[in-house]
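One-letter residues, chain by chain:
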Amino acid sequence: HKGEVPMKALSKDYLISLGVTDVTEDGEVYVNGVLKKPYVSTGKHNNGNNKHYPVITFYDKSVKKYYEHPYTTKDGVKKSSKWYTYKTIAIPLGRLVLAWFNGEISSKMDADHVDNDPFNNHIDNLQAIPRKVNLSKRFSDHPDYKGHYFNQYMNLINQLALEKKMKRDGGK
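Asks: Whenever I open this one, the pattern of salt bridges confuses me. Can you help?
Replies: One side chain can pair with another of opposite charge once the charged atoms of both are near each other. Counted under the stated rule, the structure contains one salt bridge. Between Asp110 and Arg131 there is a salt bridge whose closest N-O contact spans 2.5 Å. Residue Asp110 is found in strand 9 (residues 109-113), and its partner Arg131 is found in helix 3 (residues 131-141); the two are separated by 21 residues along the sequence.

Here is the structure:
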């Protein structure tokens, strides 16, 4: 598909260099021994069929980018604020799990979710397939995909948050 950006090759050695110390078969990622929670990213697609999927982020602290933002105070004085940020590396969770358990995943391959649920990142639900095949599967075989699994995932997250609040508040 025109406009699609190919993924970079990903290896277990590279993940280790980012601080990954373990990945479970269920797709939990530990960085420096601490569970790292994914965030939900939205992949924008030309056909309007956006895809939501979990991503793990890392920060490359060797690459700083400085910013300066000019502004004017209420008194009309021109000032600027300065800050910096680190380079962000975002890796889709399914791709990370495949690389961890298989040693690497090629730039020519995508992490495919066998059950089409991008939030089910169990190693048994993942397979490396060519990008063209994955896109064909995503858009041709499943044209009704409108974020169904994302909605299920968010409902589960909201339910767990409510249960946690009720437990904290003594069941109220």
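Asks: Can you help me understand the packing of aromatic side chains in this one?
Replies: What describes a pair of aromatic rings is the distance from one ring centre to the other and the angle between the planes of the rings. Within this structure, the stated rule accounts for three aromatic pairs. Judged by centre distance (5.6 Å) and plane angle (20 degrees), the ring pair of Tyr67 and Trp83 falls under stacked. Of this pair, Tyr67 sits in strand 6 (residues 51-72) while Trp83 sits in strand 7 (residues 78-92), and the two are 16 residues apart along the sequence. Tyr67 sits in the partly exposed class, given a relative accessible area of 33%. Ring geometry for Tyr84 against Tyr86: centres 5.6 Å apart, planes inclined by 75 degrees, an arrangement best described as edge-to-face. Aromatic ring contacts, followed pair by pair, group Tyr66, Tyr84 and Tyr86 into a single cluster. The side chain of Lys12 reaches across the aromatic face of Trp100, ending 4.5 Å from its centre. We note Lys64 situated over the ring of Tyr84; from NZ or CZ to the ring centre the distance is 4.3 Å.

Conventions we followed
- Residues numbered from 1 in each chain as written.
- Predicted model: local features only at pLDDT ≥ 70, side-chain atom pairs only at ≥ 80, totals over all residues.
- Heavy atoms only, no water.
- Salt bridge = Lys/Arg side-chain N within 4 Å of Asp/Glu carboxyl O.
- Helix = DSSP H or I, 4+ residues; strand = E, 2+ residues; numbered from the N terminus.
- Phe/Tyr/Trp six-rings, centres within 6.5 Å; stacked < 30°, edge-to-face > 60°.
- Buried < 20%, exposed > 50% of the residue type's maximum accessible area, 1.4 Å probe, protein only.
- Lys NZ or Arg CZ within 6 Å of the ring centre and 35° of its normal.

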